[in-house]
Structures are given as C-alpha cells and as structure tokens.
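So you can see what is in the structure, the chains are spelled out below.
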Amino acid sequence: MVCHDPLMTSRRVGAEDLPGTLSRGPRRGASASVVLRAVLDHGPIARSAIARRTGLSAAAVTGHTVELIRLGLLRELPEEPGPKGPGRPHVPVDLDTGRHVVCGVHLAVHHATVALLDLRGNVLVQHEEPHAGLGAEELLARTTEILDDLLLEHAPDRTPLGLGVATGGWVDRASGTVVEHAMLGWRDVPVRALLTSGTGFAVEIDGHARALVRAERLLGRRRSRESVVQLFTGNVVDAAFATGDTVHHGPRSAAGAVAHLPVDGSTEPCRCGRAGCLEAAVSEQTLARRGAEMGLLADESFPQLLALAANGDPIARKLFFDRARLVGQAAALLIDVLNPEILVLVDRSVAQLPDCLPIIREEVRTRSLACGDVEETVVGTSFPGTELATAGGVVMLDALFEDPLGPLLARVS
Ligand SMILES: [Zn+2]
C-alpha cells in the first residue's frame, strides 16, 4: 500500500452533533450555496464583503453564516480591527476544513484511487490500488475496505460527508449506474447501490470527464464557469462540456463519448471493429504496447514509457509527440463544435512532458477555425498529480456546495 500524504493537516476538530431540524426550502438552500461558494472563492472574508459580492442582504448573509457555522462548514476567525481603526470589528469567516472529510474513489482500468479531501478540495491522502482480475463487486468491496483504513488512519476525528465516485465509460448519474465500461468489462453495474450498502455513506457517481469539469469550475480556473470542455486522454478517452451553470449530460448521461472519433494518420485497430478511432490511437494502453513492441520496455507499462520520455529517450519522446498531434486533432474539433472559453486537457504526458502541450496547441492552431488565442484556450488540468482523487471527491463535494442545507448533512446529523 503506497500512501501519498502531502497535505495532511495537523488540525483536527472533534466530530460534533449537527443540528437536524432546519428549515430547508429550495430558495434557502440556493442562497446558502451562494454564501458557501463566496467563502470558497474569497475566504477568509467578512460577512459585509459576502453581502457585497453576492447581492444578498446583510441579514440574509448573517443568517446563512450562523447556520453554516452550526453545520461545521464555516468557522469564525479571530476578530480584525475595522478599516478605520476602532469601531465595529470584522469577524471574517472561512471554510472549516478541519471538521469534515469527503471521500473520493476513481475507478481506472488498471487501478482504483481512493482518497480523502477537505472542504476546499485539498487531497489529504490518496492511495492507488491495482485491481487486475477483480470483478465489479469484489473491486467495490475492496475500495470500501481501503476507505475504512484511510478514515481510521488519517481522519479518525473527522465526520465523513459522503463518497463521490468517478470513472470512465458511460455513467448514468441519475441512477448511479455504470451503464457500460468496455475496458473494465462492466455493464449495468449499480455502483451507487453497492457502495451505499458497503459504506453506509451517501454516494454520488459521475463520469470522470464530467467530474473534472465540476472540479475545474468549483475549485480551478474561474474562466471555466463561462464554458469549458474537458478532454480526458488516459486508457479511457472521453470528454465533457459545461456552460453557465449546467454540466451537460444528455439523455442517460451519454454525452462526451468521443472514443470513436476518427483521427487522421492512425490505422490502429479499435475494439469497435474500425480503425483509427481516437481512443484506440491515443490510449495509454496503445502507447505502452507500442513501446514494448519497439523494445523500449520489457512490460507494457505506460508510466515506464513516460519516465523514459521524461529522461530524454528520443524514441519514447517521438511516440508521445506523435500522440500529442492526434490529441490536438480531437481538441480542435471539440473547440470548433462547442467554442468553449477553455478546453482543459487531462493527460499524464501533458503534466510530465513540457513539450507535449505546445504540440497539441500547434495542432489546434492549424486545424481550428473557432479558436482565438490558443495559449489561453487550450490548458492543462488545474489538478496535476491529484486529478483522479479530485475527480472522485468532487462528485460529492460539488453536490454539497450545490445544496449545503440538503440531505448530505442531514445524514450525518
Ligand atoms: Zn472505434
């Protein structure tokens, strides 16, 4: 078991009883959400500044902060003097990142990532577990055990607020089901139901590209709140799109299936029976297999191939640069169809090989008709190194920020 523990905070607050009898109308929940998001964006922040930024009345902000403090989502900081010296002091509020913990699971083709996050989306701990040979139920049972261990070891005094799950393939968020994940060999797996009964937590599940769209909008670049496309190129290749307040799902949450987009210059056979599909051409599995066939690797290992390229091996680097051009083709097409404010790439080579992103941008510059400033538009993820942990956790975190007075906190009270 390999644990990365970069941001473990020493501050722990004992779990306390949460109030269970609040008036929870939809409008009240919506304005509490506005207050909580303002603190996420600008905290520590005085109540008067929240009122200015949100347009809510001072009385409404005071009411919501009192409630959010009682729920353990906000905390008051020590008083600061007012701007003009003596007079009414400012008592700033900030997110209470020490009391609760949000659990996140990402299910990839070869391993599961199990993580704990605080209310700001900081990854407190993440654990990668290989899962070759496990069926769906065994894998979900194993992730439950790992989660229990992480909670016991790293957050014994915090209250878990629920579990977010992200994975590739076709995920129906409404029913909590993985409809199809070809590389895992899953069909109609009721992940939410299985994990709810296994953990006892509230569980939310979404496709990982959509989850990372939520993460970018909630915790990453503000520009993504206008409109954003996320292109995920790992073993699975998929995309997601959001505009305004809406992450697009489409009927049965099937949006974003770009795996079989044809790309120029690839003859790689695809599992769909055709050749030259985007996923077959650029997936990590394909690249690792090529690296092994070319004698660069003893095993078909993408991380080893990436390490070779990062250390300057010219053949490995060329494999990644050729792949970057294909990723750029898909990015250009998505930009022309959707014209987003930004397109975010989630790709391990973009994070670790500095030359890949310029090649992708150059391909977009050459092919796209809609893209203006390609440097501004085509960017890497805001969560390099923790993108999978973040994808899982944010599925639950986003639901919490959406409705902080809703059923999540009612469950733990
Ligand atoms: Zn195909």
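Residues numbered from 1 in each chain as written. Predicted model: local features only at pLDDT ≥ 70, side-chain atom pairs only at ≥ 80, totals over all residues. Heavy atoms only, no water.

Q: Residue-level account of helix 12 (residues 356–367), with values.
A: Under the 1.5 Å per step criterion, the end-to-end length of helix 12 is 17 Å for twelve residues, consistent within 8% with the ideal 16 Å. If you check which residues of helix 12 are buried, you get C356, L357, I359, I360, R361, E363 and V364. (Helix = DSSP H or I, 4+ residues; strand = E, 2+ residues; numbered from the N terminus. Expected span 1.5 Å × (residues − 1). Buried < 20%, exposed > 50% of the residue type's maximum accessible area, 1.4 Å probe, protein only.)

Q: Outline the coordination of the zinc ion, supporting the account with residue identities and numerical values.
A: Looking at the zinc ion, the protein donor atoms are H260 (ND1), C270 (SG), C272 (SG) and C277 (SG), and they sit 2.0 to 2.3 Å from it. Each of the four donor atoms around the zinc ion contributes to a set of angles spanning 99 to 120°, which defines the coordination as tetrahedral. Within one chain, the residues serving as donors to the zinc ion are arranged as H-x9-C-x1-C-x4-C. Each member of the pair, C270 as well as C277, is classed as buried. (Donors = N, O, S within 2.8 Å, 3.2 Å for Na, K, Ca; no water. Tetrahedral: all angles 85-135°; square planar, octahedral: opposite > 155°, others 65-115°.)

Q: Go over unusual backbone geometry, please, and point to the residues and values.
A: For the bond running from G43 to P44, omega is 0°, close enough to zero to count as cis. Checked against the element boundaries, P44 lands in the loop between helix 1 (26–42) and helix 2 (47–54).

Q: Summarise the sheet that holds strand 10 (residues 170–172); cite the residues concerned and give the values.
A: Overall, antiparallel pairing links the three strands, which are arranged 10-11-12 in an open sheet. Two strands lie at the open edges of the sheet, namely strand 10 and strand 12 (186–189), each paired on one side alone. Adjacent strand axes in the sheet meet at a mean angle of 15°, parallel and antiparallel pairs treated alike. Sheet analysis places strand 11 (residues 177–181) next to strand 12, joined by three bridges and oriented antiparallel. Opposite E180, over in strand 12, you have R187 as the bridge partner. (Pairing = 2+ DSSP bridges. Axes fitted to C-alpha atoms, helices over the stretch in contact; angles between N-to-C directions.)

Q: With reference to specific residues and values, describe helix 8 (residues 284–293).
A: Among all positions in helix 8, only E284, T286, L287, A288 and G291 are buried. Of the surrounding secondary structure, the elements contacted by the buried residues of helix 8 are strand 14 (227–233), helix 7 (278–282), helix 9 (302–310), helix 10 (314–338) and helix 11 (348–352). Two residues or fewer after helix 8 comes G295, characterised by a positive phi angle close to 80°. (Contact = heavy atoms within 4.5 Å.)

Q: Before we move on, can you summarise the nonpolar core with the specific residues and values?
A: Membership of the largest hydrophobic core comes to 47 residues, with the highest contact counts inside it found for I50, L68, L73, L95 and L397. It is helix 14 (residues 387–402) that provides the largest number of residues to this core, a total of eight residues. Counting 42 residues, the second-largest nonpolar core is a separate cluster that includes L306, L326, V327 and A331. (Core = buried A, V, L, I, M, F, W, Y, C linked by side-chain atoms within 4.5 Å.)

Q: Before we move on, can you summarise the pairing of strand 6 (residues 100–107) with the specific residues and values?
A: Within strand 6, eight of the eight residues are buried, which leaves the element mostly enclosed by the surrounding structure. Residues H100, V102, G104 and H106 line one face of strand 6 and the alternating positions V101, C103, V105 and L107 line the opposite face, and both faces are buried. With six bridges connecting them, strand 6 and strand 7 (residues 111–117) associate as antiparallel partners. Counted as the bridge partner of C103 is L116 from strand 7. Connecting strand 6 to the antiparallel partner strand 7 that follows it, the hairpin turn spans three residues.

Q: So what's going on with the pattern of salt bridges? Residues and values would help.
A: Counting across every chain of the model gives 28 salt bridges. One salt bridge in this structure joins R222 and D41, with 3.9 Å as the shortest N-O distance. Of the two residues, R222 sits in the loop between helix 6 (208–219) and strand 14 while D41 sits in helix 1, which places them 181 residues apart along the sequence. Under the relative-accessibility criterion, R222 is labelled partly exposed at 44%. (Salt bridge = Lys/Arg side-chain N within 4 Å of Asp/Glu carboxyl O.)

Q: So what about the domain arrangement of the protein? Which residues, and what values?
A: Domain annotation for the protein reports domain 1 (26–95), domain 2 (99–213 + 388–412) and domain 3 (221–381). For domain 1 and domain 2, the distance between their C-alpha centroids amounts to 30 Å. In this assembly, 17 residues from domain 1 lie in contact with 13 residues from domain 2. Approximately 1,300 Å² of surface area, both sides summed, lies buried where domain 1 meets domain 2, with 66% of it carried by carbon and sulfur atoms. Inspection of the region where domain 1 meets domain 2 yields two salt bridges. For E402, the salt bridge identified is with R37, shortest N-O distance 3.3 Å. Here domain 1 and domain 2 share six residue pairs in polar contact (both at pLDDT 80 or more) between them. Those elements giving two or more residues to the side of domain 1 that touches domain 2 turn out to be helix 1, helix 3 (58–70) and strand 5 (93–95). With eight residues, helix 1 is the largest single contributor of residues to the side of domain 1 that touches domain 2. Along the lines of polarity and charge, the residues of the side of domain 1 that touches domain 2 split into eight nonpolar, four polar and five charged. (Domains from an automatic or database assignment. Buried area = accessible area lost by both parts, 1.4 Å probe. Polar contact = N/O pair within 3.5 Å; in protein donor to acceptor, adjacent residues only side chain to side chain. Nonpolar A, V, L, I, M, F, W, Y, C, P; charged D, E, K, R; others polar.)

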